[in-house]
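Take a look at the letters that make up each chain.
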Amino acid sequence: MKRAFYVGRFQPFHCGHEKILKTIAKEVDEVVIGIGSAQKSHTPRDPFTAGERIEMVLKALENFPIRHYIIPLQDVEYNALWVSHVKSMSPSFDVAYSNNPLVIQLFTEAGIEVRRPAMHERDIYSGTAVRKSMIEGEQGEWRQFVPQAVAEVIEKVEGVCRIKRVSGNDD
């Protein structure tokens, strides 16, 4: 059995994340999904809490084809210790998936195989683009970038109102 590790901030979880996880699911038997920067919330860059992001991922992956684990990961301010922190918080894994240069470097230095999944329309599907659409876009335009289940979580927690408030833009 092969288990993978995939980390993201998921601010919010969007269709690009979903596509990457579907690709990972074709290559492994299980995946550990790390909710990065779990301690951050209520800022323009990180508007959602770790609990809200866990709920987004859980609901979006309700019918996911492989077993998955979701773990919150607080930032470690000392990068050389980050992989040890991840390993202490996570079920064991055989391979990590990332396109983040620092994450790739840290896992590689720790002797863990890293695979770089193809990004899915990165210019459209990025947390930055989704958050910008929430702040500046037409009413509900942002919904096209996230799975329906994620949109429902965002609406339940009044996420659009929150991000506008913390961004100083509550039109």
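Above this text sits the structure in question.
What counts, and where the lines are drawn
- Residues numbered from 1 in each chain as written.
- Predicted model: local features only at pLDDT ≥ 70, side-chain atom pairs only at ≥ 80, totals over all residues.
- Heavy atoms only, no water.
- Pairing = 2+ DSSP bridges.
- Helix = DSSP H or I, 4+ residues; strand = E, 2+ residues; numbered from the N terminus.
- Axes fitted to C-alpha atoms, helices over the stretch in contact; angles between N-to-C directions.
- Contact = heavy atoms within 4.5 Å.
- Salt bridge = Lys/Arg side-chain N within 4 Å of Asp/Glu carboxyl O.
- Buried < 20%, exposed > 50% of the residue type's maximum accessible area, 1.4 Å probe, protein only.
- Right-handed = clockwise from strand over helix to strand, strands pointing away.
- Polar contact = N/O pair within 3.5 Å; in protein donor to acceptor, adjacent residues only side chain to side chain.
- Parallel < 35°, antiparallel > 145°, perpendicular 65-115°, else oblique.
- Nonpolar A, V, L, I, M, F, W, Y, C, P; charged D, E, K, R; others polar.

(A) Layout of the sheet that holds strand β1 (residues 3-8). Taken in spatial order, the five strands make up an open sheet running β3-β2-β1-β4-β5, and their pairing is parallel. Each of the sheet's edge strands pairs with one partner strand only, and the pair in question is β3 (67-72) and β5 (113-115). Looking at each pair of strands side by side, their axes are set apart by 25 degrees on average, direction ignored. Of the strand pairs in this sheet, β1 and strand β2 (residues 30-35) are connected by six bridges, and their pairing is parallel. Paired with V7 across the strands is G34, a residue of β2. Taken strand by strand, helix α2 (residues 50-60) contacts β2 and β3, and its axis lies near 170 degrees from that of β3.

(B) Fine view of the pattern of salt bridges. The tally for this structure, following the rule as stated, stands at ten salt bridges. Notably, a salt bridge pairs K156 with E55, separated by 2.5 Å at the nearest N-O pair. Taken together, the residues K156 in helix α6 (residues 148-156) and E55 in helix α2 connect sequence positions 101 residues apart. On the accessibility criterion, K156 (54% relative accessible area) is exposed. With its nearest N and O atoms 4.0 Å apart, the salt bridge here joins E136 to K132.

(C) A look at the pairing of β2. With respect to burial, β2 is a largely interior element, six of its six residues being buried. Because side chains alternate across β2, one face comprises the buried residues E30, V32 and G34, and the other comprises V31, I33 and I35, equally buried. Taken together, β1, helix α1 (residues 15-25) and β2 form a β-α-β motif whose crossover is right-handed. Each parallel crossover has a hand, and the one from β2 via α2 to β3 is right-handed.

(D) Quick peek at the side chain of E30. Relative to the helices and strands, E30 is located in strand β2. A distance of 3.2 Å separates a polar atom in the side chain of E30 from a polar atom in the side chain of Y69. The contact partners of E30, leaving out residues within four places of it in the chain, are M1, K2, R3, A4, I66, R67 and Y69.

(E) Representation of the packing of helix α5 (residues 127-136) against helix α7 (residues 159-166) within the structure. Interaxial distance between α5 and α7 falls to 9 Å at its minimum, and their mutual angle equals 85 degrees. Here α7 runs roughly perpendicular to α5, going by the angle between their axes. Contact residues: R131, M134 and I135 in α5; V160, I163 and K164 in α7. Looking at the contact of α5 with α7, its residues break down into four nonpolar, no polar and two charged.

Treat this as a map of the structure, not an account of what it does.
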